[in-house]
Structures are given as C-alpha cells and as structure tokens.
Amino acid sequence: MNHTSNNKTRILTLSALMAAMTCVATMLIQIPSPGQGYVNLGDCIVNISAWLLGPLFGAAAAGIGSALADIISGYAVFAPATLVIKALMAVVSFHVFKTVEKHLNRTFPARIIAAVSAEIVMTAGYVLYETFLYGSFAAAVSGAYGDLVQGFMGVISSVAIYELIVKRIPKNI
C-alpha cells in the first residue's frame, strides 16, 4: 500500500468516526427547545470535524452524523435540512478559521470567530427551513431561541475541547 492510499484510508476512517461521534454527541444530551427542535452537543463535533478534516470531509461527517441523529431521535422531518445546514456549518467554520488565523496568526480567537460564524449559519438555516415547514416566519423565529442556546453551547464546547484536548493529540496517530 502506498502513502497516498494510506492517507485516503485514514481520512475516510476519521470521517466515519467523526460522523458517528457527531450522531452520539447530538443524541447524548437532548434538551427540548421552543418549537420542534432540541439543544444538543452535536455542534461541538461539527466544528471539530471541520477543523480536523477540512471542508469536504468535515462537511460530510457533520451533515451525515447530525442527520442520522435526527432520524434516530424521531425528528426525521428535520433530517434533510440538518444534513445541509450542518454540512454548511462545517464549510463555513473551516474557511472562516483559516482566513482569520492567517490574518491574526493566532488559532484561539480564530476558532471562536469560526464557531460563532458556523452557529449563525445554523440559526439562520433552521429559521429559513422552519419558515417553509410551518408556513410562517413568526413561528420559525419563535424557535430561534433554542438554536441560539445550542449555538452558544456549540461555540464554548468546540473551542474548549479542541484547545484543551484535540490539539494536544500527536499528529502521527
């Protein structure tokens, strides 16, 4: 097996692991929020997936893992939107992180800004989807409070876990 093949196997394996971790983190703690959704820890792994795997594989892990959690948890009506929204969150989180890190030359504030940007995408995405789902912008906005709480949890947890744990893991593992 050559180095390129090993790298492809490694990234696919890590992507599948991150999708599974996203699903589990989403399902582990589910606090019902106003509207039809719930606050969870899945966004923590969504951001970490983006930072570890890049925009393509990070988006796949984030979207697939989050959508699976919706299906398993009985929120299948949200699964298609979740797939797209969480994948888009990962893409935004990755690109914002890289851009801000390049300009600031510091990773900690770059991760915070990237995670906040991703959570803005999440909140806006669910408001848009729920506007079509409920046929009412007012009804969709009423559920945004839960998304904002989830977003706050996602920012704090993803930055803390990455900075305290993930970045200390040797790269050759």
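Calculation criteria
- What you see as residue numbers is a count from 1 along each chain, following the sequence as written.
- Whole-chain, interface and lining totals are the exception, using all residues; otherwise, since this is a predicted model, local features are given only for residues with pLDDT of at least 70 and side-chain atom pairs are given and counted only at 80 or more.
- Remark: hydrogens and water are excluded; side-chain values derive from all non-hydrogen atoms of the structure.
- We count a stretch as a helix when DSSP gives it H or I for four or more residues in a row; a strand needs E for two or more, and each element gets its number in order from the N terminus.
- For the radius of gyration, the atoms used are the C-alpha atoms, and the globule rule reads 2.2 Å times the number of residues raised to 0.38.
- Here the term buried applies to any residue with accessible area under 20% of the maximum for its type, exposed to any over 50%, and partly exposed to those in between, with areas from a 1.4 Å probe on protein chains only.
- What makes two residues a contact is simply this: any of their non-hydrogen atoms within 4.5 Å.
- The charged-residue count follows a simple rule in which Lys and Arg add positive charge and Asp and Glu add negative charge, with His and chain termini not counted at all.
- Every charge is mapped to an atom, namely NZ of Lys, CZ of Arg, CG of Asp or CD of Glu.
- Structural elements are reduced to axes, namely lines fitted to C-alpha atoms, with helices fitted over the stretch in contact, and the angle between N-to-C directions of any two is expressed from 0 to 180 degrees.
- By definition in this entry, angles of less than 35 degrees are roughly parallel, angles greater than 145 are roughly antiparallel, angles of 65 to 115 are roughly perpendicular, and the rest are oblique.
- Left-handed describes a crossing whose near helix is turned anticlockwise from the far helix through less than a right angle; right-handed describes the clockwise counterpart.
- Each residue gets one label: Ala, Val, Leu, Ile, Met, Phe, Trp, Tyr, Cys and Pro are nonpolar, Asp, Glu, Lys and Arg are charged, and the others, such as Gly, are polar.
- Salt bridges are defined as contacts in which a side-chain nitrogen from Lys or Arg sits within 4 Å of a carboxyl oxygen from Asp or Glu.
- In a helix, the anticipated span is given by 1.5 Å times the number of residues less one.
- Pairing of N or O atoms within 3.5 Å defines a polar contact, subject to two protein rules: one partner must be a possible hydrogen donor and the other a possible acceptor, and residues neighboring in sequence count only if both atoms are side-chain atoms.
- What makes a nonpolar core is a set of buried Ala, Val, Leu, Ile, Met, Phe, Trp, Tyr and Cys residues whose side-chain atoms join them at distances within 4.5 Å.

Draft legend 1. Here's a closer look at the overall build of the protein. For the protein, the helix and strand inventory stands at six helices and two strands. Against the compact-globule benchmark of 16 Å for 173 residues, the protein has a radius of gyration of 16 Å, which places it among compact chains. Its C-alpha atoms give the protein principal-axis dimensions of about 55 × 35 × 25 Å. When the 173 residues of the protein are sorted by exposure, 45% land in the buried category. Considering only contacts within the protein whose residues lie at least 6 apart along the sequence, 71% involve residues at least 24 apart. When the 10 basic and 7 acidic side-chain charges of the protein are each reduced to a single mean position, those positions are 16 Å apart.

Draft legend 2. Structural view of the packing of helix H2 (residues 42-72) against helix H3 (residues 79-104). Put simply, H2 and H3 touch, their axes get as near as 7 Å, and they point 165° apart. Between H2 and H3, the interaxial angle falls into the category roughly antiparallel. In terms of crossing hand, the pair formed by H2 and H3 is right-handed. Looking at the contact of H2 with H3 residue by residue, the class counts come to 17 nonpolar, eight polar and three charged.

Draft legend 3. Quick peek at the pattern of salt bridges. Per the counting criterion, the structure on display carries three salt bridges. Of the charged contacts in the structure, one is a salt bridge between Glu-163 and Arg-111, with a shortest N-O distance of 3.0 Å. One end of the pair, Glu-163, is in helix H6 (residues 144-164); the other, Arg-111, is in helix H4 (residues 107-134), and 52 residues separate them in sequence. Assigned by exposure class, Glu-163 and Arg-111 land together as buried. It is possible to trace a salt-bridge network through shared partners that takes in Arg-111, Glu-163 and Lys-167.

Draft legend 4. View of unusual backbone geometry. One non-glycine residue, Asn-105, adopts positive backbone phi at about 60°. For Asn-105, a relative accessible area of 67% gives the class exposed.

Draft legend 5. Geometry of H6. For H6, with 21 residues, the first-to-last C-alpha span of 30 Å sits near the 30 Å given by 1.5 Å per residue. All of the buried residues along H6 are Ala-144, Gly-146, Asp-147, Gln-150, Gly-151, Gly-154, Val-155, Ser-157, Ser-158, Val-159, Tyr-162 and Glu-163. Along its buried surface, H6 packs onto strand E2 (38-39), H2, H3, H4 and helix H5 (137-142).

Draft legend 6. Spatial organisation of the packing of H3 against H4. Axis separation between H3 and H4 bottoms out at 7 Å; the angle between their running directions is 155°. Comparing their axes, H4 and H3 come out roughly antiparallel. For the crossing formed where H3 meets H4, the hand is right-handed. Here the residues of the contact of H3 with H4 are counted per class, giving 19 nonpolar, five polar and four charged.

Draft legend 7. Quick look at the side chain of Ser-93. Summarising the element assignment, Ser-93 is placed in helix H3. Side-chain polar atoms of Ser-93 contact the side chain of Trp-51, separated by 3.0 Å. Leaving out residues up to four positions away in the same chain, Ser-93 has contacts with Asn-47, Ala-50, Trp-51, Ala-114, Ala-115 and Ala-118.

Draft legend 8. Fine view of the nonpolar core. Counting residues in each nonpolar core, the largest one holds 33 residues, and the members touching the most others are Met-18, Ile-48, Trp-51, Ile-85, Met-89 and Ala-90. Elements that contribute at least two residues to this core include exactly helix H1 (3-28), H2, H3, H4 and H6. Ranked by residues supplied to this core, first place goes to H2 with ten residues. If sequence neighbours within four positions are ignored, Ile-48 has contacts with Met-18, Ser-158, Ile-161, Tyr-162 and Val-166.

None of this, on its own, says anything about what the molecule does.
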